[in-house]
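# Commentary on secondary and tertiary structure
Residue-level listing of the chains:
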Amino acid sequence: MQAFEYANPATLQEAVAMLGSSWGEADILAGGTDLISLMKDYIHTPKRVVNIKGLKELQGITKTATGLRIGAVVTFDEVAESPLIRSEYPSIVQAVLGVASPQIRNMGTVGGDLCQRNRCWYFRQGFGTLGKDKDGTSLPPIGENRYHAIFPKGDAYFVSASSLGPPLIALGAKVKIAGPSGSREIPVEELFVVPTSNKGREVSLAPNEILTEILIPSARGVRNATYEVRHKQALDWPLATASVALRMKGSTVASAKIVLGHVGPTPVIATEAEALLAGKALTPDLAAEAGKVAVNGAKPLSGNEYKVQLTRVAVKRALMEAMKARA
Amino acid sequence: MSKHHDEREEKALRSGFSRRGFLKGVSVTSGALGSAILEEDAQAQTAGRLFGPSAVPITLNINGADQKLTVEPRVTLLDACRNHLDLTGAKRVCDRGTCGACTMIVNGKVVYSCTVLAIDVQGKKIQTIEGISQAGKPHPVSVAFVNNDAQQCGYCTPGFVMAAKGFLDRNPNVTTLEQVEKGLGGNLCRCGTYVGVRKAVLEAAKAMKGGRNA
């Protein structure tokens, strides 16, 4: 790890002012579960690390007039234990418990989950965000790619590593972002972007912006669930996940949101499958059909075609799980 | 640590990087980092909250006692304990927050000490494997590990014992193997002692409920 200066800002404004105006100068430290390893591997070599855990604006889970607010430095463990979240947002609890290591849940934060770097092994070995060699050749398509995207976009073959992205998008959540000129709110799906350069980032934050809060609308009457397919039951990255949120009208689905995780460089919204469910009563057959439709357009690489079937299954099981959930 | 890493760390050290030099550098290049463009007053205030990159004095509360040490901000809790405080029970195995051999308990919760900066856990109650015996008696989890042959080469054992203790402290009513498996999902054993570990945790759960470690 390269030596760095550790900053302990007292206020949000001070924290923002301590960040750099271009990537690489400073890094934000919350749980550290991603950053410390990135620094040990010299993938990130910041001159300054800004600890944001002490900032009051970023803490706590609170009810709001329209739903729920989760501070960015709330840990996965706090989310899993929160009665407010457990009662209304099973899709979030299931995603959080999918991180099957208590140590990671105790340390990792919701903001860090959304802003973490991708896990592509070419990126982690120093070949840049998109995993390209010196001549600009993308390595995932010609190399080992069993965990890569089946919905690649442009030159991005990595998968978004976020556990919370898919359920938050399905629930219609927003994130609040603080920067030098104040704060802004964007839908979670706009936080995730496909980087176009090998030095690009996976999120639409500026280098001197901090994700401060997650704002989730009430899910009363919305059946929601997340299903993850993993190799191991213990600590492991998911191979494919699906998060669903169903607005019901009696026993039929009025509208559905279906978002796939770990299959593309951003969470993938399965619009075709969503449309298929609208106005129908959800049966196991229909759920399976939605799974099939959800992978339309998938372009698996040489070693990850198996993820297509896993994704079908994840969608089907998430839908069936949602039907069991309290609405 | 690999030779590669050592060389790079040495290079970083040799570069003579210091906060003073760094701040000077950025103010000349018209404020690459925020503090350089703050007003002088603000910068003076901010300076009190900037530490390093060279070694700074910190205080860690470990096993109930305050320990003063001087470390660079980049030093992890694990390395601070092993290299500065002679607490070598927690093991540095993967050093990437995956295997669990470095598990410690911070404010009642299990963490990977290899992935926590020492400077970041000042003011918190840190418990290491060295601090769990009471009045010279091994902790019930340690006793149960011995009784159930829950170790082989031993590298993962201190981490497993701490993870098990942290798990049982928070979940005293554990009765099933499935609960134990989930509770210890953050620890790996390459020798494959899992069967013994699961049994040990269930035995320790009974012993701890029985008041042997109230």
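Because the structure is a prediction, the values reported are computed rather than measured.

### Comments concerning the overall build of chain A
The secondary structure content of chain A amounts to 14 helices and 12 strands. Over its C-alpha trace chain A gives a radius of gyration of 19 Å, about what one expects of a compact globule, namely 20 Å for 327 residues. C-alpha atoms of chain A, sized along the principal axes, occupy 55 × 50 × 35 Å. Relative to its 327 residues, chain A shows a buried fraction of 59%. Within chain A, residue pairs in contact and separated by at least 24 positions form 64% of the contacts whose partners lie at least 6 positions apart. Accessible area of chain A: about 12,500 Å², with a carbon and sulfur share of 52%. Chain A carries 37 positive and 30 negative side-chain charges, and their two centres are separated by 4 Å.

### Here we look at empty space enclosed by the protein
Per the counting criterion, the structure on display carries 2 cavities of 30 Å³ or more. Roughly 60 Å³ of internal volume is contained in the largest cavity. Gln116(A), Ser160(A), Ala161(A), Phe192(A) and Glu202(A) are the residues nearest the centre of the largest cavity, which is lined by 14 residues in total. Considering only residue class, the lining of the largest cavity consists of 7 nonpolar, 4 polar and 3 charged. Space inside the second largest cavity adds up to approximately 40 Å³. Forming the boundary of the second largest cavity are 14 residues, of which Cys94(B), Asp95(B), Cys99(B), Cys102(B) and Cys114(B) lie nearest the centre. Here the residues of the lining of the second largest cavity are counted per class, giving 8 nonpolar, 3 polar and 3 charged.

### Some remarks on the side chain of Asn61(B)
Residues and elements named next belong to chain B. Inspection of the secondary structure puts Asn61 in strand β2 (residues 56-62). For Asn61, a relative accessible area of 15% translates into the label buried. Separated by 3.0 Å, the side chains of Asn61 and Asp66 make a polar contact. In this structure Asn61 touches Asp66, Lys124, Lys125 and Ile126, once residues within four positions along its chain are discounted.

### Here's the deal with the interface of chain B and chain A
Quoted interface sizes are often the accessible area lost when the parts come together. Listed as interface residues are 48 residues of chain B and, on the opposing side, 45 residues of chain A. Across the chain B to chain A interface the summed buried area is about 3,700 Å²; carbon plus sulfur atoms make up 57%. Counting across the chain B and chain A interface gives 7 salt bridges. A salt bridge links Asp95(B) to Lys40(A), with the shortest nitrogen-to-oxygen separation between them at 2.8 Å. Remark: the boundary between chain B and chain A carries 16 residue pairs in polar contact (both at pLDDT 80 or more). Among the secondary structure elements, those contributing two or more residues to the side of chain B that touches chain A are α1 (3-14), α2 (19-28), α3 (34-37), β1 (50-51), β5 (109-112), α7 (157-170) and α8 (177-183) of chain B. Counted by class, the side of chain B that touches chain A contains 20 nonpolar, 16 polar and 12 charged residues. With 2 bridges joining them, strand β1 (residues 5-7) of chain A and β1(B) adopt antiparallel strand pairing. Bridge assignment links Tyr6(A) to a residue of β1(B), and that residue is Phe51(B).

### As for the packing of α7(B) against helix α9 (residues 194-209) of chain B
Residues and elements named next belong to chain B. α9 packs onto α7 with a crossing angle of 40° between their chain directions and a minimal axis gap of 10 Å. Here α7 is positioned oblique relative to α9, judged by the angle of their axes. At the point where α7 passes α9, the crossing takes the right-handed sense. Along the contact surface, α7 presents Phe160, Ala164, Phe167, Leu168 and Asp169, while α9 presents Tyr194, Val197, Val201, Ala204, Ala205 and Met208.

### Regarding the domain arrangement of chain B
Residue and element names in this part refer to chain B. By the assigned domains, chain B splits into domain 1 (56-128) and domain 2 (140-209). Centre-to-centre, using C-alpha coordinates, domain 1 lies 21 Å away from domain 2. Buried surface at the junction of domain 1 and domain 2, both sides included, amounts to about 1,000 Å², of which 63% is carbon and sulfur. Put simply, domain 1 and domain 2 have 0 salt bridges between them. For the pair domain 1 and domain 2, the number of links is 4 residue pairs in polar contact (both at pLDDT 80 or more). At the level of elements, β4 (103-106) and β5 are the ones that each hand at least two residues to the side of domain 1 that touches domain 2. No other element matches the 3 residues that β5 contributes to the side of domain 1 that touches domain 2. Residues belonging to the side of domain 1 that touches domain 2 are distributed by class as follows: 6 nonpolar, 7 polar and 2 charged.

### Considerations on helix α14 (residues 306-324) of chain A
Residue and element names in this part refer to chain A. End to end, α14 covers 28 Å across 19 residues, agreeing with the expected 27 Å (1.5 Å per residue, within 8%). What α14 keeps buried is the set Lys307, Val308, Thr311, Ala314, Val315, Ala318, Leu319 and Ala322. All buried residues of α14 fall inside an arc of 125° around its axis, so they share one side. Along its buried surface, α14 packs onto β9 (222-230), β10 (238-249), β11 (252-261), α12 (271-277) and α13 (284-294).

### So, the confidence of the model for chain B
All names here are of chain B. Across chain B, pLDDT averages 83, with 75% of residues at or above 70. A low-confidence stretch, residues 1-32 (pLDDT under 50), is modelled with 44 contacts involving residues beyond four sequence positions or located in other chains. Below pLDDT 50 for its whole length, residues 34-41 participates in 16 contacts with residues either more than four positions away or in separate chains. Both confidence scores are given for the complex: pTM 0.90, ipTM 0.95.

### Quick word on the pairing of strand β7 (residues 182-187) of chain A
Residue and element names in this part refer to chain A. Inspection of the sheet shows strand β6 (residues 174-179) paired to β7 by 6 bridges, in the antiparallel sense. Bridge assignment links Val175 to a residue of β7, and that residue is Ile186. Here β6 folds back onto β7, and the loop between the two strands holds 2 residues.

### Description of the packing of aromatic side chains
Counted by the stated rule, this structure contains 3 aromatic pairs over all chains. Their ring planes at 45° and their centres at 6.2 Å tell us that Tyr6(A) and Phe51(B) sit as a pair that is tilted. Taken together, the residues Tyr6(A) in strand β1 and Phe51(B) in strand β1 connect one chain to another. Sitting over the ring of Trp23(A), Arg201(A) keeps its end group 4.1 Å from the ring centre.

Reading guide: rules and limits
Residues numbered from 1 in each chain as written. Chains lettered and ligands numbered in written order. Predicted model: local features only at pLDDT ≥ 70, side-chain atom pairs only at ≥ 80, totals over all residues. Heavy atoms only, no water. Helix = DSSP H or I, 4+ residues; strand = E, 2+ residues; numbered from the N terminus. Rg over C-alpha atoms; globule rule 2.2 N^0.38 Å. Buried < 20%, exposed > 50% of the residue type's maximum accessible area, 1.4 Å probe, protein only. Contact = heavy atoms within 4.5 Å. Areas by Shrake-Rupley, 256 points an atom, 1.4 Å probe, with all protein chains shown as cover. Lys, Arg positive; Asp, Glu negative; His and termini not counted. Charge placed at Lys NZ, Arg CZ, Asp CG, Glu CD. 1 Å grid on protein atoms, 1.4 Å probe; cavity = no way out; pocket = protein on both sides within 12 Å on 5 of 7 lines; lining within 4 Å. Points joined across faces, edges and corners; volume = space filled by probe spheres on them. Nonpolar A, V, L, I, M, F, W, Y, C, P; charged D, E, K, R; others polar. Polar contact = N/O pair within 3.5 Å; in protein donor to acceptor, adjacent residues only side chain to side chain. Buried area = accessible area lost by both parts, 1.4 Å probe. Salt bridge = Lys/Arg side-chain N within 4 Å of Asp/Glu carboxyl O. Pairing = 2+ DSSP bridges. Axes fitted to C-alpha atoms, helices over the stretch in contact; angles between N-to-C directions. Parallel < 35°, antiparallel > 145°, perpendicular 65-115°, else oblique. Left-handed = near helix turned anticlockwise from the far one by under 90°. Domains from an automatic or database assignment. Expected span 1.5 Å × (residues − 1). Arc of directions from axis to C-beta. pLDDT = per-residue confidence, 0-100. Phe/Tyr/Trp six-rings, centres within 6.5 Å; stacked < 30°, edge-to-face > 60°. Lys NZ or Arg CZ within 6 Å of the ring centre and 35° of its normal.

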